[in-house]
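Secondary and tertiary structure notes
One-letter residues, chain by chain:
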Amino acid sequence: MSLIADEIISFSSVLRIAYNLLTGRNYLKRKKFREKEKLVAVTLPFSDLAFAAGTVPVFPIRMHKFEISQYLTYLGSASSIFGWNAVSNFLSFVKNLGIEEVSKIVDDIIENVIDTINEKYNEMYDLGIENGISSDFCYGLKSLVGSHVSKGRNVDACLNVTIRCSAYNKYLESLKSINEGPRQIWIDIPPRNLGNSLELLTDNISNALNEFEKLTGNNVKDNDLRDHFKIGNQVKRSYKNIIYDISASDFYPCNPATFSEIMALLSITFQDYNSNAVRYRDNIVSLEKEMRERIRNGIGMDVSKMPRIFVTPMFGGWEPKSHEIIYELGGRALYADWELLKLLEEIPNGPHTDPSEEYARFLMRATETGIGCDNDKLTDSYLRMASDLNADGIVFFQLFGCHSISNCYAMLREKVRRELEIPITAITFNRIGENVEQVKTRLGAFMEMFK
Amino acid sequence: MDDSSLLSEFTLFLKEKKQEGIKVIAYLAHDNIPEELIDAAGFFPLRLIFGGNDELMDASHDFLPPSTCAFAQSCIGLFSVKPNDYKFLEMVDYIIVSNHCVSDICVSEIISKYFNIPRLNFYVSYTINENSLKYFKLELQDFRNQLEVIIDRKISDDDIHNSILKFNNFKKKLLEINELEMLGSEKLKLIHKSMLFGPDFLHDLENLIQKFKHTPQSVSNTSKDVFLTGCSIFINDNFIDLIEEGGGNIVFFDTWIGNHYYSQIIESNLIDIETDPLDVLVLKFKNNIYGDHSVPNFLEQKVSFIQKYSENYTKNKGRKLGVINHIIKFCDHISLMSSFLKDTLQEKGIQVLNLERDYSRANRGQLSTRIEAYLEMMK
Ligand code: SF4
Ligand code: SF4
């Protein structure tokens, strides 16, 4: 872990994103009670309308209090006085002096962030099962149910966007039974792009915006949407640049395990942009800059000889130790779920655009060509992504209980072998940390193919 | 008649259809598929309402992980193994890929792709509101076009009207089954046969219902009355035997294969020749408020339906009614809502048994014990 921690310290923006992820509770409390803003629960990267409506989107797990090291708390306070860059530079400086105690502290900080999130996920998973969701459902849904059971009553609304996964849609329905208080705001995406279905979706979006207006008592104007899309587009641009220009390149600004760690952090945080789109935009833009800066200065690692292993899907739950294992076995793990599902597409925001319609087009495109209405389309998305990343192999996480994405593996394997001619393997996943040894063995055998 | 004879009779029936040049369109057992359009275009709509067993489930594992619903697994198994009783599946000309649940999509897609059966698409929105009704009509138009391409002619509005009437009348007759005093397993056989053969069976159905009305069958007066909700008991599934052996008698089948299907009747005055027949089908979708596919009000509707039925039943018959929620393992819709359904109904004083199972032989003993314990508690 220490290598990973060393590296992350060089990116102050990552520290900020991690800090905002873990200290969400205080931030959200302030927003809700002091600033009287409305909290809206979101899952998957569907936070746009919540931002545009002036509410605070929150990925439910962030309402929890996390056991974070006192050092991170200290750093947070120091940052508000000296700024994050100063904190980060200071840490690197102290660490380079080789003062062992400090090194440990720094390692602790990062280890804490990753482990704390995972521990909380597992805790929510258990809570979900205790509260009635069958253990037969996927890791993600069980954790989400747990999060809503424990903290869902704190939100003022839930933004529910239907997707092709029937378990997910039913989970959305169950939210009002878990907590009666929050307003349920729905956006139903037509399953296919037939006739005027784009118009229907646009209308569904307008109806959802009306619900937001009722929630806040404020009008949501077209410009509010455009302004948010502008910020969202900047976030997506940097995210995509990091995926394509950096993760697929031959020189990394840090070691590949660190890189994957950062990508995993982005994947989690992108769902609610840490509840503050402008702050997140600034962080991710400077993350991209920091990475490029290091590459320009030759700081980092030549990874040209390390096979690119596209690890997916990870958003519904995956073994977070995989990238470290892959790294130890001589490879590099690439994560790009949101791009694969076409959720990183930019949304036109020019003055003459109809923003609701543009958002409808964005959702429809993701449904049609990203997530896909069937496995034939979904597997095409995996193929496209693997080839855009120039992947040398694919590790497919087959989530126990996932009937939507995991079920496409047989078809995917066949297509990958036929069309991409690269190795692919499936790893079954149930709960974080449950099968690390087995994951190691599977990955060990898989990585042999690249020797 | 046992299930094997039913299937062999059906094989002959389907052969005759094929000899008449009628093509067969298959789809999974759920709701919202416009069988009236299929019929109007001159095809035979074949609902896949067949249960499974260990062998069939195992046969699906080349395509899907075992954590897929047992029914979906078995459907693939049927096409893969083609057991003797199911040779008629070779007569299937098209399969509908639909999104009742995501397993429905996966299974029909696999059947189409790996067993070389051309697919037709029909998707349904998850919500029921003004826009999803409009969307439903788009799907109907698209489906009509897909059928017209196959038959290379237009399907007339008159033909669709006639088919709507035909299925509507058939369902009206089927609805009478609910009131028959007979053993649940016998009732289920009648439902199975009717839903398999479709309106061609109407004449026989009328006679049988007449017969049962005149000579009610005796049901043991010690057995407990049960309302079955959740997943259906399909053909070749002996689950109902376990309930009856445990001392229960299903009096109402509130599932896709049962009341949920035949209660979707359109008022005759609304089937007006002047109306676009697709609008009539949209209306049917609109009225389908108890369907498990829909969000966000499925649970409320289901609870209020069961509550009303149960109260009326006890009032009219003077007997308590148990509720068994049949959950086929890994069924997204029924499983995810099951604890909420149970809790809400229990708050209203209605005891519910959530019974989850797959088609393996091994769990029979455990299921029997749970059923017996529940029925015992109903005393
Ligand atoms: S798609 Fe799979 S991982 Fe995602 S919510 Fe549905 S079941 Fe879970
Ligand atoms: S998951 Fe449920 S609804 Fe879907 S195919 Fe299986 S039994 Fe039917």
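Read on for an overview of the structure.

Each value, and the rule that gives it
Residues numbered from 1 in each chain as written. Chains lettered and ligands numbered in written order. Predicted model: local features only at pLDDT ≥ 70, side-chain atom pairs only at ≥ 80, totals over all residues. Heavy atoms only, no water. Helix = DSSP H or I, 4+ residues; strand = E, 2+ residues; numbered from the N terminus. Rg over C-alpha atoms; globule rule 2.2 N^0.38 Å. Buried < 20%, exposed > 50% of the residue type's maximum accessible area, 1.4 Å probe, protein only. Areas by Shrake-Rupley, 256 points an atom, 1.4 Å probe, with all protein chains shown as cover. Lys, Arg positive; Asp, Glu negative; His and termini not counted. Charge placed at Lys NZ, Arg CZ, Asp CG, Glu CD. 1 Å grid on protein atoms, 1.4 Å probe; cavity = no way out; pocket = protein on both sides within 12 Å on 5 of 7 lines; lining within 4 Å. Points joined across faces, edges and corners; volume = space filled by probe spheres on them. Nonpolar A, V, L, I, M, F, W, Y, C, P; charged D, E, K, R; others polar. Domains from an automatic or database assignment. Core = buried A, V, L, I, M, F, W, Y, C linked by side-chain atoms within 4.5 Å. Contact = heavy atoms within 4.5 Å. Expected span 1.5 Å × (residues − 1). Arc of directions from axis to C-beta. Near = heavy atom within 4 Å. Sits in = over half its atoms within 2 Å of the grid points. Pairing = 2+ DSSP bridges. Right-handed = clockwise from strand over helix to strand, strands pointing away.

**Focus: the overall build of chain B**
- If you tally the helices and strands in chain B, you get 15 helices and eight strands.
- Taken against the 2.2 N^0.38 rule, which gives 21 Å for 379 residues, the C-alpha radius of gyration of chain B at 20 Å falls within 12% of a compact globule.
- Sorting the 379 residues of chain B into buried and exposed places 62% on the buried side.
- For chain B, the accessible area works out to roughly 14,300 Å², and carbon and sulfur atoms hold 48% of it.
- For chain B, the distance from the average site of its 40 positive side-chain charges to the average site of its 54 negative ones is 3 Å.

**Digging into the layout of surface pockets**
Residues and elements named next belong to chain B.
- Roughly 520 Å³ of volume is contained in the largest pocket.
- Elements supplying a minimum of two residues to the lining of the largest pocket: α3 (54-59), α8 (184-197), α10 (239-245) and α15 (364-377).
- Residue classes in the lining of the largest pocket are distributed as 12 nonpolar, nine polar and 11 charged.
- A domain-level breakdown of the lining of the largest pocket finds at least three residues from each of domain 1 (4-167) and domain 2 (168-377).
- The calculated volume of the second largest pocket comes to roughly 430 Å³.
- Lining the second largest pocket are 23 residues, with N178, V251, Y309, Y313 and K317 positioned closest to its centre.
- Secondary structure elements with two or more residues in the lining of the second largest pocket: β6 (248-254) and α13 (298-317).
- For the lining of the second largest pocket, the element with the most residues is α13, which contributes seven residues.
- Considering only residue class, the lining of the second largest pocket consists of eight nonpolar, eight polar and seven charged.

**Regarding the nonpolar core**
- Core analysis: the biggest nonpolar cluster contains 161 residues, and L141, L266 and F310 of chain A have the highest contact counts within it.
- The element best represented in this core is helix α11 (residues 222-247) of chain A, accounting for eight residues.
- Once you skip the residues sitting within four places of it in the chain, L266 of chain A turns out to touch I17, Y239, I242, Y280, I284 and L287 of chain A.
- A70, M91, V226 and Y261 of chain B belong to the second largest nonpolar core, which has 84 residues in total.

**Topic: helix α9 (residues 202-214) of chain B**
Residues and elements named next belong to chain B.
- Between its first and last C-alpha atoms α9 spans 18 Å; for 13 residues at 1.5 Å apiece the expected length is 18 Å, and the two agree.
- If you check which residues of α9 are buried, you get L205, I209 and F212. Buried positions in α9, seen along its axis, are confined to an arc of 65° and lie on one side of it. Within α9, the exposed residues directed more than 90 degrees away from the buried face are H203 and H214.
- Next to the buried residues of α9 lie α7 (157-175) and α8.

**With respect to the site of ligand 1**
Residues and elements named next belong to chain A.
- Every residue lining ligand 1 is accounted for by C138, L141, C165, L399, C402, S404 and I405.
- Taken atom by atom, the bulk of ligand 1 overlaps the largest cavity.
- Residue classes in the shell around ligand 1 are distributed as six nonpolar, one polar and no charged.
- Counting contributing residues, the shell around ligand 1 receives three or more from each of domain 1 (2-291) and domain 2 (305-340 + 374-451).

**As for the environment of P191 of chain A**
- Looking at where P191 of chain A falls in the secondary structure, it is placed in the loop between β4 (183-187) and α10 (197-216).
- Sequence separation between P191 of chain A and T162 of chain A is 29 residues, and the spatial gap between their C-alpha atoms is 9.2 Å.
- Apart from the residues within four sequence positions on either side, P191 of chain A is in contact with T367 and C373 of chain A together with N99, Y123, V124, S125 and Y135 of chain B.

**Regarding the pairing of strand β3 (residues 157-161) of chain A**
Residue and element names in this part refer to chain A.
- For β3, the buried fraction is high: five of the five residues fall into the buried class.
- Judged by which residues are buried, β3 turns out to be covered on both faces: A157, L159 and V161 on one side and C158 and N160 on the other are all buried.
- Here strand β1 (residues 39-41) pairs with β3 via two bridges, running parallel. Each bridged residue has a counterpart across the sheet, and for A41 the counterpart in β3 is C158.
- Crossover handedness for the path β3 to helix α9 (residues 166-178) to β4: right-handed.

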